[in-house]
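Here's the letter readout for the chains.
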Amino acid sequence: MKKIGLLPRLIIGLVTGVIIGYISSNIGVRWPVRLLATFNDIFGQFLNYVIPLIIIGFIAPGIAELGKGAGKLLGITTGLAYISTVIAGTLAFIVGSFLLPALVTGGTAANPAEAQLSGYLTVEIPPIIGVMTALITAFVLGLGMAALDSKHLYYVMNDFSKIVNKLISVAVIPLLPIHVGGIFANMTYGGQVVQTLAVFGQIFIIVIALHIIYLILQYTIAGSITGKNPLKALKNMIPAYVTAVGTQSSAATIPITTKCGKKNGICNQVADFAIPLCATIHLSGSTITITMCSIAVMLMSGLTPTFNTIFPFILMIGITMIAAPGVPGGAVMAALGILQSMLGFNQAQLALMIALYLTQDSFGTACNVAGDGAIAMVVDRIANVNKKV
């Protein structure tokens with residue numbers, strides 16, 4: 001029997017949670033919801049502990065990897081990927097600020113943590129270090145390894161990254177459906193679930209539409225720089241887009257993306273270099289989703305997102321996405337730390353972010369992958385210009 005995918009398990013957990021919350025509320029039995037709340041409290045503490053490990057384990061080796069064999073094209077590709085990611089997040093903020101306040105109204109503006117039952121017990125699992133300390137430590141280690149070309153420390157950090165990745169794959173991701181189910185059981189018990197699910201559907205539509213708009217924008221710019229037909233170039237990337245929807249993995253789609261890029265006239269050397277690199281550092285689709293979902297969760301919690309609050313968050317997202325774990329939902333897992341430290345999200349809000357993100361993870365990955373082709377087109381043009389100079 002084939003294993004059930006993460007998204008179906010998430011939906012099953014969500015629906016089961018709603019049913020448990022509804023039945024418990026109507027018959028006046030609180031213990032099932034409190035039992036799930038107990039699990040959520042413990043799992044939330046565990047997530048708090050894991051977040052700094054995720055930051056150090058993935059960002060430090062990622063930065064070190066970017067420094068290896070550093071050259072002009074590496075710097076150009078990295079810069080273009082970062083700029084694209086920041087523009088994507090800024091576009092999401094503009095669209096979200098314009099559309100979401102009209103959608104997230106009335107009961108949805110209540111704090112999801114209010115009117116919910118508490119668990120039977122709380123287990124304190126304090127993180128080894130704080131989130132911002134972990135970020136600075138990751139930057140120092142990553143840049144230091146790149147500057148010194150420290151192979152031994154890199155191997156140690158790479159093994160540490162594998163341990164954290166295994167922890168996420170084996171412990172965190174499998175338990176997420178239960179965590180989300182517990183959150184929705186409590187929200188249903190507190191009478192908040194109908195408005196929240198309505199917001200989910202509306203955000204999903206807006207995010208997918210924004211992915212498509214941003215891809216058209218990317219290829220319009222790339223086409224104007226390279227002199228190629230943007231619609232034809234985007235059409236050539238459809239196989240990579242579809243593959244990414246099915247695999248939910250930028251890395252697994254690299255062979256198809258590279259083939260599609262070469263079909264757009266990108267030379268073999270640039271395609272073989274830029275596309276695998278962008279698969280790691282260019283996550284524009286994921287950034288659009290995380291930014292949009294963050295605005296929605298803030299509005300649901302009665303907060304007003306401002307540019308001064310969100311833009312620094314977007315700038316940090318661009319860095320954090322450098323080495324998001326290569327598992328479904330990896331981007332949002334990597335972003336949990338700055339959601340907590342920069343936007344002040346609590347455990348209920350983080351759970352909502354995870355649920356919102358995972359409902360469209362396939363399409364976010366597909367947007368990332370298709371956008372890699374546009375970055376590679378521009379890099380190829382720059383490389384050709386430099387050869388002629």
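The following paragraphs examine the structure supplied in this document. Being a predicted model, the structure only gives us computed values, none of them experimental.

1. Examining the overall build of the protein
In step 1: When its secondary structure is counted, the protein shows 15 helices and 0 strands.
In step 2: By residue count, 51% of the 389 residues in the protein fall in the buried class.
In step 3: Looking at the protein alone, contacts between residues at least 24 apart form 85% of all its contacts between residues at least 6 apart.
In step 4: Carbon together with sulfur atoms contributes 69% to the accessible area of the protein, which is approximately 16,300 Å² in total.

2. Remarks on the side chain of T85
In step 1: Note on placement: T85 falls in helix 3 (residues 72-103).
In step 2: Excluding its chain neighbours within four sequence positions, the residues that come into contact with T85 are I281, H282, L283, S284, T287 and G318.

3. Brief notes about a positive patch on the surface
In step 1: On the surface, a cluster of positive charge is contributed by K232, K235, K259 and K263.
In step 2: Counting residues per element, the ones that place at least two in the positive patch are helix 7 (230-236) and helix 9 (254-263).
In step 3: Of note, K232 is situated in helix 7.
In step 4: Note on K232: relative accessible area 57%, which makes it exposed.

4. Quick look at the packing of helix 11 (residues 284-300) against helix 13 (residues 330-342)
In step 1: Packing of helix 11 against helix 13 brings their axes to within 11 Å, and their N-to-C directions diverge by 45°. Considered as vectors, helix 11 and helix 13 are oriented oblique to each other. Helix-helix and strand crossings are classified by hand; for helix 11 and helix 13 the assignment is right-handed. Here S286, I290 and S294 of helix 11 come into contact with helix 13, specifically with A331, V332, A335 and L339.

5. Digging into the nonpolar core
In step 1: In this structure, I203, I290, M292 and L339 are the most contacted members of the largest nonpolar core, which totals 79 residues.
In step 2: Those residues in contact with I290 that sit more than four places away from it in its chain are F313, I317, M321, A331, V332, A335, M353 and Y357.
In step 3: Counting 26 residues, the second-largest nonpolar core is a separate cluster that includes L215, A244, I266 and A383.

6. Here we look at the environment of D159
In step 1: Following the sequence through the fold, D159 ends up in helix 5 (residues 151-189).
In step 2: Between the alpha carbons of D159 and G57 there is a distance of 8.7 Å; along the sequence they are 102 residues apart.

7. Quick look at a nonpolar patch on the surface
In step 1: Where nonpolar side chains cluster on the molecular surface, the patch consists of I11, V15, I19, Y22, I23 and I27 and spans about 580 Å² of accessible area.
In step 2: On the accessibility criterion, I11 (45% relative accessible area) is partly exposed.

8. Remarks on the packing of helix 12 (residues 307-320) against helix 13
In step 1: Put simply, helix 12 and helix 13 touch, their axes get as near as 10 Å, and they point 155° apart. In terms of their interaxial angle, helix 12 and helix 13 are classed as roughly antiparallel. Taken as a pair, helix 12 and helix 13 cross one another with a handedness that is right-handed. In contact with P312, F313, M316, I317 and T320 of helix 12, helix 13 contributes A334, A335, I338, L339 and M342.

9. Structural notes on the environment of T90
In step 1: Mapping T90 onto the fold places it in helix 3.
In step 2: Along the chain, T90 and L315 lie 225 residues apart, while their C-alpha atoms are 9.4 Å from each other.
In step 3: When neighbours within four sequence positions are excluded, T90 is seen to be in contact with F311 and I314.

Rules of the game
- Residues numbered from 1 in each chain as written.
- Predicted model: local features only at pLDDT ≥ 70, side-chain atom pairs only at ≥ 80, totals over all residues.
- Heavy atoms only, no water.
- Helix = DSSP H or I, 4+ residues; strand = E, 2+ residues; numbered from the N terminus.
- Buried < 20%, exposed > 50% of the residue type's maximum accessible area, 1.4 Å probe, protein only.
- Contact = heavy atoms within 4.5 Å.
- Areas by Shrake-Rupley, 256 points an atom, 1.4 Å probe, with all protein chains shown as cover.
- Patch = residues over 30% accessible without salt bridge, like charges linked within 9 Å, V, L, I, M, F, W, Y side chains within 5 Å.
- Salt bridge = Lys/Arg side-chain N within 4 Å of Asp/Glu carboxyl O.
- Lys, Arg positive; Asp, Glu negative; His and termini not counted.
- Charge placed at Lys NZ, Arg CZ, Asp CG, Glu CD.
- Axes fitted to C-alpha atoms, helices over the stretch in contact; angles between N-to-C directions.
- Parallel < 35°, antiparallel > 145°, perpendicular 65-115°, else oblique.
- Left-handed = near helix turned anticlockwise from the far one by under 90°.
- Core = buried A, V, L, I, M, F, W, Y, C linked by side-chain atoms within 4.5 Å.

So, to be careful, I would describe these as geometric facts and stop short of saying anything about function.
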